[in-house]
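Observations on the three-dimensional arrangement
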Amino acid sequence: MDFEPLSIGNEVVEFEVGDSAGEDDGTGLDLRHPDDLVERSASSGAGDLSSSDVDPILEPCEGMEFDSEQAARIFYNSYARRTGFGTRVSVYQRSRRDGSIMCRHVVCSREGFRRGGSESKSKRRRTVTRVGCKAQITVKKQSSGKWAVSKFVKEHNHELVPPDKVHCLRSHRHVSGPARSLIDTLQAAGMGPSGVMSVLIKESGGVNSVGFTKIDCQNYMSSSRQRTLGSGVQLVLDYLKQMQAADPGFFCAVQGDFDNLAGNIFWADASSRKNYAYFGDTVNFDTTYRMNRYRVPFAPFTGWNHHGQPVLFGCALLRNESESSFIWLFQTWLDAMSGSHPVSITTDQDRIIRSAVAHVLPGSRHRFCRWNVFREAREKLSDVYCSHPNFEAEFQRCVNITETVEDFELCWESLLETYGLRNNEWLQLMYNARQKWVPVFLMDTFFGEMSIMQGSDSINSYFDGYINASTSIQVLIRQYEKAIAGRHEKEIKSDYETLHTAPVLKTPSPMEKQAANVYTRKIFKKFQEELIETLAYPATIIKDMELEAVYRVARFGEDHKAHFVKVDVFSKKACCSCQMFEFSGIMCRHILAVFRVMNVLTLPPQYILTRWTRNAKSESLPDDYMVGFPSNLQESLTACYENLRREAIKYVEDGAKSIHSYTVAMDALQIAAQKVAASKKCGLGLEQKTLIKGCQIQSSRCTVG
């Protein structure tokens, strides 16, 4: 059955009322409780009918009286529920004397027809629900103040809804008070709509007794999250203003105005913006809050640093999830990153987000997060998962392990056939979008992941362990700062291990030694694994031309899984059918095996990505990236720290090369320490004055879009 979403915020939504929707007629009736409405409405306004005399199948009749228009609507809606149709408030007539409503028509929800013009303008075709049904009642206000039924049409021109489906009709759906309390409790515990509905169905004794649908539950949870924000948004805005005062490189933008904030908020500190300059080739937009129903709609932009650790590129507080708001958010984020488009971006598969990415980042390769796809599969294919325990493993193997498009297509067909899923709509939709989430179609683009399996675990979540479903907006900022400090500490530790601990070399290869001196520790370990594997992968030349050659590379005993490497004989430029280098930026075992045969002893420069090296953050930023960043005495403490740390690392590397250079470096360091101590004593007043001046200037930099 098709039905429209229920808007929780409207107190009389099931009647779709117009001007009189929220009028209080003094009856004290709650229009959204269909249970026991017959007794209440009849006793309050049905003339001589007392609650004890009411027939449970009582139907309207001309002349029946009610104390108010609202009581009449409730009575007719209750009758409609028992009979098997929905209702909708239609036209009304007002008094010329005082403008009050004197006559009201309440019709079957399938009355009339949809307008043809609006259908053509709609982005997606809506299900035809109106078929010109004439069933209705008309109530008129009498001189006595009561409302009487002046017209009643009983017959319908369509089939009525059976009792086990009537709860799907819009006018009979309602999230009751007890249900709301339970939903709030379960949402605070991190449970999503599917889990909440499962609990409600069990507690109510069946899906027919819940009184609303999963869509209604999801809408209520979304609106509940917005209510939870409340005045807490002002705390975030105050924090952002303080950050701008202390950090001239801090970027903040608000969609809408500060007095009536209903749009999104975006911010990125100087460190995030600089990190993007170094590692902004691939980006993740993390909307975990939507799947896990977080209390705070907090969505970070993240990536991978030179250690393969999550790195932050900015954060958003999403109070509006319309397509225009997401377009504003992506455009604002891009502006903060000096307009530099990433090579690739990973998001969830939401239609609105997809449209916004295509609008703002048309040149970036857009990928759906596989973790989200697998999570949605467990929901959409729950029956299959329960009845076939092996399905999940086979489904993930089909997606993750197949190495060619042909292998994937054969495996997918086999999966559909084995489990009888050829007509499953969700699987068909995901198959049509396979080029946006199945790895074999994405290997030609850089995503910065060490392996294919990495993307199936979870999206790159920078705030794991810091922000969860129970985090309120009041503690968001504190956890945000803890996460930044924690991630920064891990990066410092990895920098130290890379510079001051030597990795264990496992071969006499000059290439391994070269990689150990160039890459960060984690990236070197991955390269070392690939290099060692070449011992089990013989390379056989199958095409030898003057300028290039083609090699066949396969593991001993696995000739059916061969890969092919084409290499330029002079430039040593090579490409492999596995496309691992294009995907992760690290050389694969197949090309390394070919290099071994060709006696290539060191890695060609084009195969050492700066972003994976220990000096990834040592290069100077382009001039366009420095616009809006701190400089001279106005430099923020964060930027100062980053600059000093970068220079100190280079200083340590040069100073530790020999005993002589070590002695010179230590002497110079002692002199520098004395000068720094002296500057702190005589320069304190100047530093304070500069900070105050920066605060005055930067307090107005929070742009309004």
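None of these values were measured; they are calculated from a predicted model.

Brief notes about the environment of Met587
- Along the chain, Met587 falls in the loop between α21 (580–584) and α22 (589–597).
- By relative accessible area, which is 0% here, Met587 ends up buried.
- Between the alpha carbons of Met587 and Glu530 there is a distance of 7.5 Å; along the sequence they are 57 residues apart.

Overview of the nonpolar core
- Core analysis: the biggest nonpolar cluster contains 36 residues, and Tyr519, Phe527, Val553, Met587, Ile591, Phe595 and Trp612 have the highest contact counts within it.
- At the level of elements, α19 (510–518), α20 (521–533), β14 (548–553), β15 (563–568), β16 (574–576), α21 and α22 are the ones that each hand at least two residues to this core.
- Considering each element in turn, this core owes the most residues, five residues, to α22.
- With residues near it in sequence (within four places) discarded, Met587 still touches Phe527, Glu530, Met580, Phe581, Leu592, Phe595, Leu603 and Tyr607.
- Core analysis: the next-biggest nonpolar cluster, separate from the first, contains 33 residues, Phe266, Trp328, Trp333 and Ile353 among them.

A closer look at the sheet that holds strand β13 (residues 539–544)
- Across the sheet, four strands lie side by side as β13-β14-β15-β16; this open sheet has antiparallel pairing. Sheet topology places β13 and β16 at the edges, where each strand pairs with a single neighbour. Strand-to-strand, the axes of this sheet are offset by a mean angle of 25 degrees, without reference to chain direction.
- In this structure, β15 lies alongside β16, joined through three bridges in antiparallel fashion. The residue bridging Lys566 from the neighbouring strand is Cys575, located in β16.
- Sitting on the sheet, α22 is in contact with β13, β14, β15 and β16, with an inclination near 50 degrees to β15.

Considering the state of the cysteines
- The tally for this structure, following the rule as stated, stands at zero disulfides.
- You can see Cys133 has no disulfide; the closest cysteine sulfur is in Cys108, sitting 3.9 Å from it.

Thoughts on the packing of aromatic side chains
- One pass over the full model with this rule turns up 34 aromatic pairs.
- Judged by centre distance (6.2 Å) and plane angle (75 degrees), the ring pair of Tyr79 and Phe152 falls under edge-to-face. Within this pair, whereas Tyr79 is found in helix α2 (residues 69–83), its partner Phe152 is found in strand β5 (residues 147–153), the two being separated by 73 residues in sequence. There is no split in this pair, since Tyr79 and Phe152 are both buried.
- We note Arg434 situated over the ring of Tyr431; from NZ or CZ to the ring centre the distance is 4.0 Å.

Observations concerning the confidence of the model for the protein chain
- On average, residues of the protein chain carry a pLDDT of 79, and 77% of them reach 70 or more.
- Contacts of residues 1–56 to residues separated by more than four positions or lying in other chains number 114 contacts, the stretch itself having pLDDT below 50.
- This model gives residues 118–122 a pLDDT under 50, and the stretch forms two contacts once residues within four places in sequence are excluded.

Here we look at the pattern of salt bridges
- What the rule picks out here adds up to 20 salt bridges.
- The partner of Arg378 in a salt bridge is Glu392, and the shortest N-O contact between them spans 3.4 Å. Remark: Glu392 occurs in helix α14 (residues 391–400) and Arg378 occurs in helix α12 (residues 370–380); sequence separation between them is 14 residues.
- Taking relative accessible area as the criterion, Arg378 reaches 36% and is therefore assigned partly exposed.

Some details on the sheet that holds β5
- Ordered in space as β1-β5-β4-β3-β2, the five strands form an open sheet in which the pairing is antiparallel. Since the sheet does not close on itself, it has two edges, and those belong to β1 (65–66) and β2 (87–94), each with one partner.
- Here five bridges tie strand β3 (residues 101–108) to strand β4 (residues 136–141), and the two strands are oriented antiparallel to one another. Following the sheet pairing, His105 is matched in β4 by Thr138.

Definitions and cut-offs
- Residues numbered from 1 in each chain as written.
- Predicted model: local features only at pLDDT ≥ 70, side-chain atom pairs only at ≥ 80, totals over all residues.
- Heavy atoms only, no water.
- Helix = DSSP H or I, 4+ residues; strand = E, 2+ residues; numbered from the N terminus.
- Buried < 20%, exposed > 50% of the residue type's maximum accessible area, 1.4 Å probe, protein only.
- Core = buried A, V, L, I, M, F, W, Y, C linked by side-chain atoms within 4.5 Å.
- Contact = heavy atoms within 4.5 Å.
- Pairing = 2+ DSSP bridges.
- Axes fitted to C-alpha atoms, helices over the stretch in contact; angles between N-to-C directions.
- Disulfide = S-S within 2.5 Å.
- Phe/Tyr/Trp six-rings, centres within 6.5 Å; stacked < 30°, edge-to-face > 60°.
- Lys NZ or Arg CZ within 6 Å of the ring centre and 35° of its normal.
- pLDDT = per-residue confidence, 0-100.
- Salt bridge = Lys/Arg side-chain N within 4 Å of Asp/Glu carboxyl O.

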